[in-house]
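For reference, the chains in residue letters:
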Amino acid sequence: MTPVHGAGTLLVIAALAVAVLLVLIIALRMHAFVALVLVSLATAIVAGVPVADVPAVAIGAFGSTLGAVALLVGLGVMIGRILEVTGGAQVLADTLISRFGEKRAPLALGIAALLFGLPIFFDAGLVVFLPIIFSVAKRFGGSVLMYALPAAGAFAAMHAIVPPHPGPVTAATEIGASIGLTLVIGVVAAVVAWAVGVYAVTLGWLGKIHVPIDDSVLTGGRAPDEGDRPAFVHVLAILLLPLVLISLNTVLTTLRANETIEAEGGFVDALVFIGQTPVALLIALLVATYTLAVRHHSRAEVEDLLNDALGPICAIILITGAGGMFGGVLRYSGIGSALSDSLADLGLPLIVSAFVIATILRVAQGSATVALTTTAGLLSAAVVDADPSSLQLVALVLAIAAGATVLSHVNDSGFWLVSRFFGMDVKTTLKTWTVMETTLGVSIFVLALGIWAVG
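Residues numbered from 1 in each chain as written. Predicted model: local features only at pLDDT ≥ 70, side-chain atom pairs only at ≥ 80, totals over all residues. Heavy atoms only, no water.

Overview of the overall build of the chain
Counting secondary structure elements, the chain contains 20 helices and zero strands. Each of the 455 residues in the chain was classed as buried or not, and the buried ones make up 53%. Sequence-distant contacts in the chain: of pairs separated by 6 or more residues, those separated by 24 or more amount to 81%. Accessible area of the chain: about 17900 Å², with a carbon and sulfur share of 66%. (Helix = DSSP H or I, 4+ residues; strand = E, 2+ residues; numbered from the N terminus. Buried < 20%, exposed > 50% of the residue type's maximum accessible area, 1.4 Å probe, protein only. Contact = heavy atoms within 4.5 Å. Areas by Shrake-Rupley, 256 points an atom, 1.4 Å probe, with all protein chains shown as cover.)

Written out as structure tokens, the structure is:
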């Protein structure tokens, strides 16, 4: 819709909405789902959305978030439950620890997540990794954050700056950067930024904030004895299966976009289809069910096991959807476009403008992808005028992604996903996840500045 208020007023409305939301949840102890829905509706009205349109806008934003999250989380948590109750998660945890050692367990989880995070989206990767994170955490004790943040931060880093994830692909396309060069440099930048902004920060600070292990989303009974557990290769193959299928989808889609292969073709269409993230996870779930679960359980027990897996995540999915509703209302009210118009002429160096504009849009409306794409679109004309080198174009993509990563808070559905998966209240999530996302984003931006200077 056309913004009813100016950018300054909309920014004040967004800030007040966030403040009210924090008061309701932290001070008044209102349930997060109820608070998010209440504040979303109130914000829409105050921001000038016609009252008759408010329910449709709110429900539309809620539904679009659920469409992106619920299917992936549901399938992923089923795979995780099977890995948990068959001992597969314990096998993976034991193998990682034996290879890296007890003191480097967080490093092992982070490296594994970096590898799996190349083709798999943040939420899907994290939910599949949950049983492994909890298995390692229970074995060594201490705060679950010492093991959770390196893995979650690795998925976040890959999702933010490495193609084929949608944000960096769209940003690179908008400003004319090479997708291939963005991929190569992005992988290196993601690893370095993760090592500094996530791993080092977790070991030195955030991992020492005590958050007890709450694996209620995975309560599936006692795992089998060591002799009945599956082989490491078997478990690894199940985890690699969606990665391979999604990677194949990415390669074929890229070849089609470059017109290297035909745009149409039944066999390629089939491969692209099974490489869609939900389909790939469904295939992995079926393989896990019929090669792992049925070895120790009857089919009726497997049905009950998978049904029970969905119960604990209902609250997670609803709260995540409500977080998407809040961010969607802010976007619909016009805060993104209003801020874009006022931020386009900041008079800052191009690389700094990329980071600042993306940061403000990220904080204002929550969605990292929206911040990425909007900022890239805003800067596209200025990029043409500046005529940067190919390397500097990649640096701009990284700077935009850095701004779109920092300061994840209550209007970001990912904030709620992490908060509920690891049993953290809002205050603790702000002190840990928000800080980690910020140190990760700042690390990416520092790397972008260096690449810009060299380029």
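Quick notes on the nonpolar core
Buried together is how nonpolar side chains tend to be arranged in soluble globular proteins. Within the largest apolar cluster, 132 residues are counted, with the highest numbers of intra-cluster contacts made by I161, L398, W416, F422 and W433. When residues in this core are grouped by element, the largest group, 14 residues, is from helix α7 (residues 145-161). (Core = buried A, V, L, I, M, F, W, Y, C linked by side-chain atoms within 4.5 Å.)

Topic: a nonpolar patch on the surface
Taken together, the side chains of V188, V192 and V196 present a nonpolar region at the surface, about 240 Å² in accessible area. Here V196 shows up in helix α9 (residues 179-204). (Patch = residues over 30% accessible without salt bridge, like charges linked within 9 Å, V, L, I, M, F, W, Y side chains within 5 Å. Salt bridge = Lys/Arg side-chain N within 4 Å of Asp/Glu carboxyl O.)

Focus: the environment of R420
Structurally, the position occupied by R420 is in helix α19 (residues 413-421). Classification of R420 by relative accessible area gives partly exposed; the value is 28%.

Digging into unusual backbone geometry
In this structure, L407 takes a positive phi of about 60° despite not being glycine. By the secondary structure assignment, L407 is in the loop between α18 (390-405) and α19. Residue L407 is classed as partly exposed on the basis of its relative accessible area, which comes to 36%.

A short note on the side chain of T359
Here T359 lies in helix α16 (residues 350-365). Other than its neighbours up to four places away in sequence, T359 contacts G403, V406 and L407.

Re the packing of aromatic side chains
The final tally for this structure, using the stated rule, is seven aromatic pairs. The interplanar angle of 80° and the centroid separation of 5.3 Å between the aromatic rings of F415 and W416 together place this pair among those described as edge-to-face. The exposure classification of F415 matches that of W416, with both residues buried. (Phe/Tyr/Trp six-rings, centres within 6.5 Å; stacked < 30°, edge-to-face > 60°.)

So, helix α10 (residues 232-257)
With 26 residues, α10 should cover 38 Å at 1.5 Å per step; its first-to-last C-alpha distance of 37 Å lies within 8% of that length. Within α10, the axis deviates most sharply at L240, by approximately 30°, and proline P242 lies no more than four positions further along. (Expected span 1.5 Å × (residues − 1). Bend = angle between axes of the 7 residues up to and from the residue.)

A closer look at the confidence of the model for the chain
Atom-level detail of predicted coordinates should not be read off regions where pLDDT is low. Confidence in the prediction of the chain, expressed as mean pLDDT, is 82, and 90% of residues score 70 or more. When the elements of the chain are averaged for pLDDT, helix α15 (residues 335-343) gives the smallest value, 60, and helix α20 (residues 426-454) the largest, 94. (pLDDT = per-residue confidence, 0-100.)

Notes on the pattern of salt bridges
Enumeration according to the criterion identifies two salt bridges in this entry. Linking R362 and D412 is a salt bridge whose minimum nitrogen-to-oxygen distance equals 3.3 Å. Here the residue R362 occupies a position in helix α16, and D412 occupies one in the loop between α18 and α19, the gap between them amounting to 50 residues. Like D412, R362 is buried. Residues R362 and E437 are paired through a salt bridge, measuring 3.3 Å at the closest nitrogen-oxygen approach. Here R362, found in helix α16, pairs with E437, found in helix α20; they are 75 residues apart in sequence, far enough to count as distant. This pair shows no difference in class: R362 is buried, exactly as E437 is.

Thoughts on helix α1 (residues 7-27)
In this model, α1 (21 residues) spans 29 Å end to end at C-alpha, consistent with the 30 Å of a helix rising 1.5 Å per residue. Along α1, the residues that are buried comprise A7, L10, I13, A14, A17, V18, L21, L24 and I25. Down the axis of α1, the sector holding all buried residues measures 130°, keeping them to one side. Exposed residues pointing more than 90 degrees away from the buried face of α1 are listed as L16 and A27. Immediately beyond the C-terminal end of α1, within one or two residues, lies R29, with a positive phi of roughly 60°. (Arc of directions from axis to C-beta.)

Some points on the packing of α19 against α20
It is at 10 Å that the axes of α19 and α20 come closest, and there the two elements cross at 110°. Classed by the angle they form, the pair α19 and α20 counts as roughly perpendicular. Classified by chirality, the crossing of α20 by α19 is right-handed. For the pair α19 and α20, the contacting residues are G414, F415, W416, V418, S419 and R420 in the first and V426, T429, L430, W433 and T434 in the second. Across the contact of α19 with α20, the residue classes tally to six nonpolar, four polar and one charged. (Axes fitted to C-alpha atoms, helices over the stretch in contact; angles between N-to-C directions. Parallel < 35°, antiparallel > 145°, perpendicular 65-115°, else oblique. Left-handed = near helix turned anticlockwise from the far one by under 90°. Nonpolar A, V, L, I, M, F, W, Y, C, P; charged D, E, K, R; others polar.)

With respect to the environment of T277
Turning to its location among the elements, T277 is positioned in helix α12 (residues 277-296). In the structure, T277 is positioned 28 residues away from N249 in sequence and 9.2 Å away in space, judged by C-alpha atoms. Residues within four places of T277 in sequence aside, it is in contact with L72, A124 and I246.

Some details on the environment of Q90
Position of Q90 among the secondary structure elements: in helix α4 (residues 88-100). Judged by relative accessible area, Q90 falls into the partly exposed class, the value being 22%. Setting aside anything within four residues of it in sequence, one finds Q90 in contact with S135 and R229.

A short note on a negative patch on the surface
On the surface, a cluster of negative charge is contributed by E301, E303, D304 and D308. Among the structural elements, E301 can be located in helix α13 (residues 299-310). For E301, a relative accessible area of 42% gives the class partly exposed. (Lys, Arg positive; Asp, Glu negative; His and termini not counted. Charge placed at Lys NZ, Arg CZ, Asp CG, Glu CD.)

A closer look at the packing of α10 against α12
The interhelical angle for the contact between α10 and α12, taken along N-to-C directions, is 165°, at an axis separation of 8 Å. Taken together, α10 and α12 sit at an angle that is classed as roughly antiparallel. For the crossing formed where α10 meets α12, the hand is right-handed. Taking contact as the criterion, the partners of H234, I238, L241, P242, L245 and I246 in α10 are, on α12, T277, A280, L281, I283, A284, V287, A288, T291, L292 and R295. For the contact of α10 with α12, a count of residues per class yields twelve nonpolar, three polar and one charged.

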